[in-house]
Amino acid sequence: MTITDIRGHALSGANADAALAYSDAIRQFSVYAGDPVGAAESLIAAGPGFVMAHALKAWLYLLGTAPAALPVARAAIAAAEALPGTAQERGHLAALRHLAAGQWHLASRVIEDVALENPRDLLALIAGHQIDYFTGNGRMLKDRIARALPAWSKTTPGHHSMLGMHAFGLEENGLYGQAERQGRAALAAEAGDGWARHAVAHVLEMQGRHDDGIAFMREDLASWTTDSFLAVHNWWHLALYHLELGQIDEVLELVDGPITSVAAPQMMDLIDASAMLWRLHLRGVDVGQRWQLLARQYEAGWSAGGYAFNDFHAMMAFVGAGRRDLAEQTLETQSIALLAASDNADFTQQVGYPLMQALKAFGEGRYGDAVRLIRPVRAIAARFGGSNAQRDIIDLTLIEAALRAGERSLAKALAAERVMAKHDSPLAKLFARRAGLSSCGDQAGCDGLTCGIAAA
Ligand SMILES: [Fe+2]
């Protein structure tokens, strides 16, 4: 009898109990909660011939983007490759092999093909969705999921995960209404779906609905904080709303609490800490010793040259902490990364390296240099991955650098962009006032009296 997962895909080397446990591990991954890595390792220990248990382990390690994970993932791939497997399973292993070699785009294409043949292969879709995020492939964030959705129904196990991923893809493409509907439908089906919660959080961020965002995140804390490995990032989103509203005490409370109090922070947790401290730094808030602590955490668990988006965030910590040694070392390592035959060489050359130089320039008070380094990159910055909300830090750094460099025309233009995108944002209005923008034009909602810009 062929053993299958919960959605009907054959699982080589599994027995019925292992298949059920595997399906549950995928469920954990789909809601970003529990311990899917531990589950995969238990499955391998109980049955080393279970191909997809090895594949799941390799996906989880590689998608964590920590340099130390690479050898572990490679060993898991090699173990699975020695086993007989189906075409679907071999597709996973081929994609993993590309990803372990730093070929993000090839991995994306191969796992795309797996999902074309098997549109209910939730692991292939989640892994592909994550690669789309890491490569800034906005279109595929939406369409990889959209094209598979007709093969799903509300009764297909994990349907909420499809809705949550589709919601995030729609949001990254500016389709906020559809995104919010899909995200909220996912949460209605599974309140603990951390990715769906995250997708709606992004919609509220991008639409400048910061009070709504605070209410949305605080309404059901338990559903997205309990046992979730996306919790820090979702706390970060809550802090973003408070920051936008100028509620610095609340931001610092979240920074000192759930954002940095993780016992063993993962790479994405360090990124969130960097991204929030840098935003505070840009606003002139003295974050004190927090930079030093973060720089030491990077020193302990990170090495440069693996993924430019991570390196960019590490650089914030080194500049913030005044660690010139680590900042210089990081830039030097980028030169080596540029020579590697991996997609990260492109991420680094096109986006990461100039942005890291810009951070250093900003930290040294060379604001004009920071402006010149950021301007050619900001429109193509998606190429090194992340979300629109995360990459907003590039715009925030640029506008602050322009203001401090006295580049008034540019500062005014950037402030105008921001006000048009988020008319009611206190932060946008603050930039507008600082840049000397006296009017936001005749846009809907701007009466010049209540928006605070024309009166400034
Ligand atoms: Fe996010």
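The model shown is predicted, which means the values in this text are computed figures rather than measured ones.

With respect to the packing of helix α9 (residues 159–172) against helix α11 (residues 194–206)
For any two helices packed against each other, the geometry comes down to the angle between their axes and how far apart the axes lie. Packing of α9 against α11 brings their axes to within 8 Å, and their N-to-C directions diverge by 25°. Taken together, α9 and α11 sit at an angle that is classed as roughly parallel. Both α9 and α11 take part in a crossing whose hand is left-handed. The residues of α11 that touch α9, namely those facing His 160, Ser 161, Leu 163, Gly 164, Met 165, Ala 167, Phe 168 and Glu 171, are Trp 195, Ala 196, His 198, Ala 199, Val 200, His 202, Val 203 and Met 206. A breakdown of the residues in the contact of α9 with α11 according to their chemical character gives 10 nonpolar, five polar and one charged.

Observations regarding the nonpolar core
Counting residues in each nonpolar core, the largest one holds 152 residues, and the members touching the most others are Tyr 22, Trp 59, Leu 62, Leu 96 and Ala 239. It is helix α3 (residues 51–63) that provides the largest number of residues to this core, a total of 11 residues. The residues contacting Leu 96, other than those within four sequence positions of it, are Ala 55, Ala 58, Trp 59, Leu 62 and Ile 77.

Brief notes about the packing of helix α1 (residues 16–31) against helix α2 (residues 36–46)
At a minimum axis separation of 9 Å, α1 and α2 run at an interaxial angle of 160°. Overall, the two elements α1 and α2 adopt an arrangement that is roughly antiparallel. Taken as a pair, α1 and α2 cross one another with a handedness that is left-handed. Residues Ala 18, Ala 21, Tyr 22, Asp 24, Ala 25, Gln 28 and Phe 29 of α1 touch α2, and the partners they reach there are Pro 36, Ala 39, Ala 40, Leu 43 and Ala 46. Of the residues in the contact of α1 with α2, the class split is 10 nonpolar, one polar and one charged.

Concerning unusual backbone geometry
Here the phi dihedral of Tyr 32 falls at roughly 60°; this positive angle occurs in a residue that is not glycine. For Tyr 32, the position within the fold is in the loop between α1 and α2. For Tyr 32, a count of 25 C-beta atoms within 10 Å gives the class buried.

Thoughts on the domain arrangement of the protein
By the assigned domains, the protein splits into domain 1 (1–157) and domain 2 (264–406). Each of domain 1 and domain 2 has a C-alpha centre, and the two are 31 Å apart. If you look at the interface, domain 1 gives 13 residues, while domain 2 gives 17 residues. Listing elements by their share of the side of domain 1 that touches domain 2, those giving two or more residues are α6 (104–117) and α7 (122–134). Residues belonging to the side of domain 1 that touches domain 2 are distributed by class as follows: five nonpolar, eight polar and no charged.

What counts, and where the lines are drawn
- Residues numbered from 1 in each chain as written.
- Predicted model: local features only at pLDDT ≥ 70, side-chain atom pairs only at ≥ 80, totals over all residues.
- Axes fitted to C-alpha atoms, helices over the stretch in contact; angles between N-to-C directions.
- Helix = DSSP H or I, 4+ residues; strand = E, 2+ residues; numbered from the N terminus.
- Parallel < 35°, antiparallel > 145°, perpendicular 65-115°, else oblique.
- Left-handed = near helix turned anticlockwise from the far one by under 90°.
- Contact = placed C-beta atoms within 7 Å.
- Nonpolar A, V, L, I, M, F, W, Y, C, P; charged D, E, K, R; others polar.
- Core = buried A, V, L, I, M, F, W, Y, C linked by C-beta atoms within 7 Å.
- Buried ≥ 20, exposed ≤ 12 C-beta atoms within 10 Å, placed from the backbone.
- Domains from an automatic or database assignment.

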